[in-house]
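Working through the structure, step by step
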Amino acid sequence: MDATLLDAEADAAVLRVYRQVFAVLAREAGAMIVDPDLLDADQAILDAFAEAGSDGLTVEQATLACRAYPHDVIVRRFEVLRQYGAITKLVDRPNELRHRAAFAPYVMLMFLRRMSVQGGQGELHQLLTLEAHSVSDPQATADDGRASIGRLTKVFRLLGNELAILVSTSTTAQLRENAQLAWGNERLIEQAEKVHRLVLDRWPELHRDCTSLRMALAAYADAVQLAAGRLVERAGTTRALGLLPIETWLTFSRGSDPGTLAAVLDGLLFDAAAPDFSAQTMVEAVETGRRSGTARMAPPRPTADADTPESAAATDREDLRAEAERVLAGRPSVDIVEVIDEAGDWITARRVLAELTAAHLHDELDYELVWSDGMRIDPTAGTPWATEGVFRRVVR
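Residues numbered from 1 in each chain as written. Predicted model: local features only at pLDDT ≥ 70, side-chain atom pairs only at ≥ 80, totals over all residues. Heavy atoms only, no water.

By the naming in an unreviewed UniProt entry, the protein chain is DUF2397 family protein, taken from Kribbella speibonae.

**Comments concerning the overall build of the protein chain**
Secondary structure summary: the protein chain contains 16 helices and seven strands in total. Residues counted as buried form 32% of the 396 residues belonging to the protein chain. Once local pairs closer than 6 in sequence are excluded, the contacts in the protein chain between residues at least 24 apart make up 70%. (Helix = DSSP H or I, 4+ residues; strand = E, 2+ residues; numbered from the N terminus. Buried < 20%, exposed > 50% of the residue type's maximum accessible area, 1.4 Å probe, protein only. Contact = heavy atoms within 4.5 Å.)

**Description of the sheet that holds strand β5 (residues 333-335)**
Ordered in space as β5-β7-β6, the three strands form an open sheet in which the pairing is antiparallel. Bordering the open sheet on either side are β5 and β6 (367-377), each of which pairs with just one other strand. With direction set aside, neighbouring strand axes in the sheet form an average angle of 15 degrees. Bridge count for β5 against strand β7 (residues 385-393) is three bridges, and the pairing is antiparallel. What sits directly across from S333, in β7, is R392. Running over the sheet, helix α15 (residues 336-343) touches β5, β6 and β7 and is turned about 110 degrees from β7. Relative to the sheet, helix α16 (residues 346-361) contacts β6 and β7, its axis offset from that of β6 by approximately 140 degrees. (Pairing = 2+ DSSP bridges. Axes fitted to C-alpha atoms, helices over the stretch in contact; angles between N-to-C directions.)

**A short note on the pattern of salt bridges**
Inspection of the entire model under this criterion finds 14 salt bridges. E318 is paired through a salt bridge with R321; the nearest N and O atoms lie 3.4 Å apart. Separated by three residues within a single helix, E318 and R321 lie in helix α14 (residues 312-328), roughly one turn from each other. A cluster of three or more residues bridged by salt bridges with shared partners is formed by R317, E318, R321 and E364. (Salt bridge = Lys/Arg side-chain N within 4 Å of Asp/Glu carboxyl O.)

**So, the environment of F156**
When you line up the elements, F156 lands in helix α7 (residues 142-169). Through-space distance from the C-alpha of F156 to that of I189 is 9.2 Å; in sequence the pair is 33 residues apart. Ignoring any residue separated from it by four or fewer positions in sequence, one finds F156 in contact with L128, L188, A192, A216, L217 and Y220.

**Notes on the packing of α15 against α16**
Across the interface, α15 lies against α16 with an axial gap of 8 Å and an inter-helix angle of 135 degrees. Put simply, α15 runs oblique to α16. For the pair α15 and α16, the crossing hand works out as right-handed. Residues I336, V339, I340 and A343 of α15 touch α16, and the partners they reach there are T348, A349, V352, L353 and L356. Partitioned by chemical class, the residues of the contact of α15 with α16 number eight nonpolar, one polar and no charged. (Parallel < 35°, antiparallel > 145°, perpendicular 65-115°, else oblique. Left-handed = near helix turned anticlockwise from the far one by under 90°. Nonpolar A, V, L, I, M, F, W, Y, C, P; charged D, E, K, R; others polar.)

**Looking at a nonpolar patch on the surface**
On the surface, M375, I377 and W385 cluster together into a nonpolar patch covering about 370 Å² of accessible area. Mapping M375 onto the fold places it in strand β6. (Patch = residues over 30% accessible without salt bridge, like charges linked within 9 Å, V, L, I, M, F, W, Y side chains within 5 Å. Areas by Shrake-Rupley, 256 points an atom, 1.4 Å probe, with all protein chains shown as cover.)

**Notes on the side chain of E131**
Tracing the chain through its elements places E131 in helix α6 (residues 121-136). For E131, a relative accessible area of 4% puts it in the buried group. At a separation of 2.7 Å, a polar atom in the side chain of E131 contacts the side chain of R151. (Polar contact = N/O pair within 3.5 Å; in protein donor to acceptor, adjacent residues only side chain to side chain.)

**A word on the packing of aromatic side chains**
All chains considered together, the criterion is met by three aromatic pairs. Centre to centre, the rings of Y367 and F391 are 5.7 Å apart; their planes meet at 15 degrees, and the pair counts as stacked. Highlighted residues: Y367 in strand β6 and F391 in strand β7, separated in sequence by 24 residues. F391 shares its class with Y367; the two are buried. (Phe/Tyr/Trp six-rings, centres within 6.5 Å; stacked < 30°, edge-to-face > 60°.)

This is how it looks when you write it as structure tokens:
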């Protein structure tokens, strides 16, 4: 009986931590979150607790600290976090008003933010590194190797399946939004192959498990190639630099004067506010780059009553026209600073600016994007630094 109670106590402790971790994903008790903005409210509440110190906060103090959000939203989120144990009373007594917050939900928020930006690639790199250390441990057994191979096989099967489904069922815009699933795939495969070699060399009897991992890696590599091929095919000439051999880029960069090099960048949009890659990473990518093969897509099956599908270029042109008209909203021109402020944040704004830049460079569209030398600096805006300019219609 004592052993059973001890087991139940341990299980309850694990469950309590899990409830705290996943509290930020709960819209209310027993319901999953549906509005991503609620994550921002949760983070504001937990930030307020971090600043409050060991004295904790009351509900009223939390709403005051989070006054940038509606009062009822903060009160509701506070109650949800309290129901899941992410926020508890400072002292467990009936009339206690002050509360304290657990660190587990904030860690979950940090994980969710990284997942949204990197698609889990950073976490997968760390997992592969840990698996390599695990199977290299002198005290590791064949069961440890089998478990490690099994975990990696499932991970890469899930990645490959998700990419394959996106390629076959999603629009180009959806595929572009999930392109982070294909980032750094060569490095991921190399790390997985290293774990595979370590396990196979140390425990040859696990060759069947290692074969499953090799098949999962091959399926993932094929899915990545298909996704990249479809993106390049549908990107359009206005938004694709083209895939040139590395020697062409090196020869051009070494033999051109500064004016010629600068002219290449005309009309290109750079994410200066939040660069995705460091300069050293870009140099290494150019040095180690290789020509990508073209993926062959299965031709569509015509039906008797279906119209002839529009070409990819025509679809791309009309998508750009629709976005340009949405931004102009019937006006002959619009300030770029206004467009950026309406977007709310830089992640959204740079996507809109990329579409406007593509419309400006498109030969068949009558739009023009003109930049000026001024810059708006406003620390309170969603995008503090914004280059001034005008997007307008052109009468030809």
